[in-house]
Amino acid sequence: MMPALTALQPNFVFHDGRFGPGVVHLDGHGRIVSVDAAPLPGAARVQLRNMALLPGFINAHSHVFQRLLRGVAERPTGRAEDFWSWRTAMYALVDRMTPELLEDIATATYLEMRQAGYTRVKEFHYLHHLPVGRRYADPHELTRRLIAAARTAGIALELMRVVYLDATEPSQRRFQDASIDEAITLTDELHRTAGIPVGIAPHSVRAVSPDGFRRCAEWARLRGAELHAHVAEQPKEVAWCMDRHGRTPVALLAEAGALGPRTHAVHLTHLNDADVTLIGQSGTVAVICPSTEANLADGIPRLPELLSAGAGLAIGSDSQAHIDPFLELRSLEYHERLRSGRRCHLGPGELLTATTVRQNPGDLADFLLIDLDSPSLAGVPLPSLDAALAFGADARVIAGHWHALGPRPVTLRPDLLRAAARTVWV
Ligand SMILES: [Zn+2]
């Protein structure tokens, strides 16, 4: 019989925004009961020597199939390479994707995410249809493949079902919904039946009209669901929006009622002062993907200003150029240092709090076991542990993943990527 209480006894636990001594008590289902100074009487004790417990990282923006683009479009060509020429390479991959390939790539990549420290992923899923734009017999075929992959990999999946209406290129027909009504109906169907959290994701101001954003925001409000969108990633997107709608992408979302604490605005690399205020005052979550934004030459967001204006914060591996939450965290700070010529902009405790899963009483235990003897942490004093982790560590400090009542091991599957790459690129 399962004991009523389990007491996890690490050296330190990350709790209320900082590391300190503590014992995490779990009930017989692996749910957190309390964090206490000492083990409660009768609890089965689990000693975690030279370990700290850190809640798992949330990957708040992922296009998982793009993992197959590693090393693609990374060479000088004599032309001016930019986001838009990278996108051409990405569309070549889109054109060749099948349900089987998607499931294999997602399984391998979600396992890789878990090994890197992500235990939850919000998938911004826009690949819906057959290459010519025809529907699969089950319109949710590709979504179901992602759900199966996440289950195999043991990562918690949240599906952000993309709405894409204004396709202008042949590859985009795989994304395109027939109408806003159809897009919302399909999203709602998933929300009711998928068995995982489902949100709505109007792709960007390029792909969805102001009225489309308004409809998506209404649905999200009605269902208490998240709304995700790419916002102000590229100067050309902002200029196009100004030209077409007479306002910035952020102002367009604000007028459509699409900003707020449940909205995740991805990138925000090209904002004016008024945009920063709108994002901050609405409490919108800024999803920053520094390694992708560097890889795609998107730009550097005005993060300290956004945070002091009231914005939330999340990170994402986005294009999968890198899968490493530690890299994203230190890049948030380092990009700001390079831009400003000054140091120490972002508090490590706040960064870790914003980017990891909540671990309150009632939540299923979902902790990374952090090895305090690893070279990047050995000897770091307790008050500096959060900063050493946020700015100086990598996945080698992760000794395991404690999920519910025990360790959940990760076995990587590079063979799946190898086979998928052979099929797609040869
Ligand atoms: Zn994206």
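What counts as what
- Position numbers for residues count from 1 along each chain, tracking the sequence in the order it is written.
- The model is predicted, so local features are restricted to residues of pLDDT at least 70 and side-chain atom pairs to those at 80 or more, both for listing and for counting; the totals for chains, interfaces and linings are taken over all residues.
- Remark: hydrogens and water are excluded; side-chain values derive from all non-hydrogen atoms of the structure.
- The secondary structure listing takes helices from DSSP runs of H or I that are at least 4 residues long and strands from runs of E that are at least 2 residues long, numbered from the N terminus.
- For a compact globule the rule gives 2.2 Å times the number of residues to the power 0.38, and the radius of gyration it is set against comes from C-alpha atoms.
- Per-residue accessibility, obtained with a 1.4 Å probe over protein chains only, is compared with the maximum for each type, and a residue is labelled buried under 20%, exposed over 50%, and partly exposed between these values.
- Only heavy atoms enter the contact rule, under which two residues are in contact if any of them lie within 4.5 Å.
- Residue burial considers only the protein chains on display, and all accessible areas are found by Shrake-Rupley using a 1.4 Å probe.
- Aromatic rings from Phe, Tyr and Trp, taking only the six-membered ring of Trp, are treated as a pair when their centres fall within 6.5 Å; an angle between ring planes under 30 degrees marks them as stacked, one over 60 as edge-to-face, and anything in between as tilted.
- Counting rule applied: Lys, Arg positive; Asp, Glu negative; His and chain ends not counted.
- Between Lys or Arg on one side and Asp or Glu on the other, a salt bridge is scored when a side-chain nitrogen of the former is within 4 Å of a carboxyl oxygen of the latter.
- Counting of polar contacts relies on pairs of N or O atoms within 3.5 Å, with two restrictions inside protein: one atom must be capable of donating a hydrogen and the other of accepting it, and residues adjacent in sequence are counted only when both atoms are side-chain atoms.
- Only protein atoms enter the 1 Å grid, on which a cavity is a set of points fitting a 1.4 Å probe that cannot get out and a pocket is an open set with protein on both sides within 12 Å along at least 5 of 7 lines, lining residues being those with an atom within 4 Å of a point.
- Grid points are joined across faces, edges and corners, and a volume is the space filled by probe spheres set on the points.
- Any residue outside Ala, Val, Leu, Ile, Met, Phe, Trp, Tyr, Cys, Pro, Asp, Glu, Lys and Arg is labelled polar, Gly included; the first ten of those are nonpolar and the last four are charged.
- Working rule for helices: expected span equals 1.5 Å times residues minus one.
- Only nitrogen, oxygen and sulfur atoms qualify as donors, and only when within 2.8 Å of the metal (3.2 Å in the case of Na, K and Ca); with water excluded, sites may look incomplete.
- Site shape is set this way: if four donors have all angles between 85 and 135 degrees, tetrahedral; if opposite donors are over 155 degrees apart and all others between 65 and 115, square planar for four donors and octahedral for six; otherwise irregular.
- By this definition, two strands are paired if DSSP reports at least two bridges between them.
- Each domain's limits were defined by an automated method or a database of domain assignments.

For the rest of this paragraph, the subject is the overall build of the protein chain. Helix and strand counts for the protein chain stand at 14 helices and 16 strands. For the protein chain, whose C-alpha radius of gyration is 22 Å, the value lies close to the compact-globule estimate of 22 Å for 426 residues. The buried share of the protein chain, taken over its 426 residues, is 56%. When contacts within the protein chain are restricted to residue pairs at least 6 apart in sequence, long-range pairs at least 24 apart make up 75% of them. Here the protein chain displays about 17600 Å² of accessible surface, and carbon together with sulfur accounts for 53% of that area.

A full pass over the atoms with the stated rule returns 8 aromatic pairs. Plain terms: the ring middles of Tyr126 and Phe175 are 4.6 Å apart, the flat faces sit at 65 degrees to each other, and that makes the pair edge-to-face. Here the residue Tyr126 occupies a position in the loop between strand S7 (118-125) and helix H3 (141-153), and Phe175 occupies one in the loop between strand S8 (156-163) and helix H4 (180-193), the gap between them amounting to 49 residues. Overall, the relative accessible area of 4% leaves Tyr126 in the buried class. Ring pairing ties together the aromatic residues Phe65, Tyr91, Tyr126, Tyr164 and Phe175, which thus form one cluster.

Bringing the side chain of Glu293 into the picture now. One can find Glu293 in helix H9 (residues 290-295). Here Glu293 sits buried without a salt bridge, and the closest side chain of opposite charge, Arg339, lies 11 Å off (N-O distance). Here His267 takes part through its side chain, which lies 2.8 Å from a polar atom of the side chain of Glu293. Those residues in contact with Glu293, other than ones at most four positions away along the chain, are His267, Thr269, Val287, Ile288, Asp298, Gly299 and Pro301.

One pass over the full model with this rule turns up 4 cavities of 30 Å³ or more. Reported here for the largest cavity is a volume of approximately 160 Å³. Surrounding the largest cavity, 17 residues form its lining, Phe83, Trp86, Met90, His203 and His230 being those nearest its centre. The greatest single-element share of the lining of the largest cavity, amounting to 5 residues, is contributed by helix H1 (residues 83-96). A breakdown of the residues in the lining of the largest cavity according to their chemical character gives 7 nonpolar, 6 polar and 4 charged. Approximately 60 Å³ is the volume found for the second largest cavity. Residue lining of the second largest cavity: Ile288, Pro290, Glu293, Ile300, Pro301, Leu303, Ser331, Leu332, His335 and Glu336, and that is the complete set. Residue assignment for the lining of the second largest cavity shows that the elements contributing at least two residues are H9 and helix H11 (325-340). The dominant element in the lining of the second largest cavity, judged by the number of residues it contributes, is H11, at 4 residues.

So, about H3. Counted at 1.5 Å a residue, the expected span for H3 with its 13 residues is 18 Å, and the 19 Å between its end C-alpha atoms agrees. Looking at the buried side of H3, the elements it contacts are helix H2 (99-116), S7, S8 and H4. One or two steps after H3, the chain reaches Gly154, where phi turns positive at roughly 75 degrees.

This next bit is on the coordination of the zinc ion. Only His61 (NE2), His63 (NE2), His230 (NE2) and Asp318 (OD) from the protein reach the zinc ion as donors, at distances of 2.1 to 2.8 Å. Between the 4 donor atoms coordinating the zinc ion, the angles at the centre fall across 82 to 173 degrees, so the site counts as irregular.

Where strand S14 (residues 366-371) meets strand S15 (residues 398-403), 5 bridges bridge the pair, whose relative direction is antiparallel. Within S15, the residue paired with Phe367 across the bridge is Trp402. Taken together, S15 and the strand that follows it, strand S16 (residues 406-407), pair antiparallel across an intervening segment of 2 residues, in which Ala404 is found at a positive phi of about 55 degrees.

This part covers the layout of surface pockets. The volume enclosed by the largest pocket comes to roughly 940 Å³. Lining the largest pocket are 40 residues, and of these Ile58, Thr356, Val357, Arg358 and Gln359 sit closest to its centre. Element by element, the count of residues in the lining of the largest pocket is highest for strand S13 (residues 312-315), at 4 residues. Partitioned by chemical class, the residues of the lining of the largest pocket number 18 nonpolar, 13 polar and 9 charged. The residues that make up the lining of the largest pocket include at least three from each of domain 1 (6-56 + 360-407) and domain 2 (57-354).

Turning our attention to the pattern of salt bridges. Within this structure, the stated rule accounts for 24 salt bridges. Arg192 is the partner of Asp188 in a salt bridge, and the nearest nitrogen-oxygen pair spans 3.3 Å. Taken together, the residues Asp188 and Arg192, both in helix H4 and 4 residues apart, mark about one turn of the helix. The class of Asp188 is buried, set by a relative accessible area of 11%. Between Arg337 and Glu333 there is a salt bridge, with the nearest N and O atoms lying 2.6 Å from each other. Here Arg337 and its partner Glu333 are both found in helix H11, 4 residues apart, which amounts to about one turn of the helix. Each member of the pair, Arg337 as well as Glu333, carries the same accessibility label: buried.

Such coordinate-based values are descriptive only and should not be taken to indicate function.
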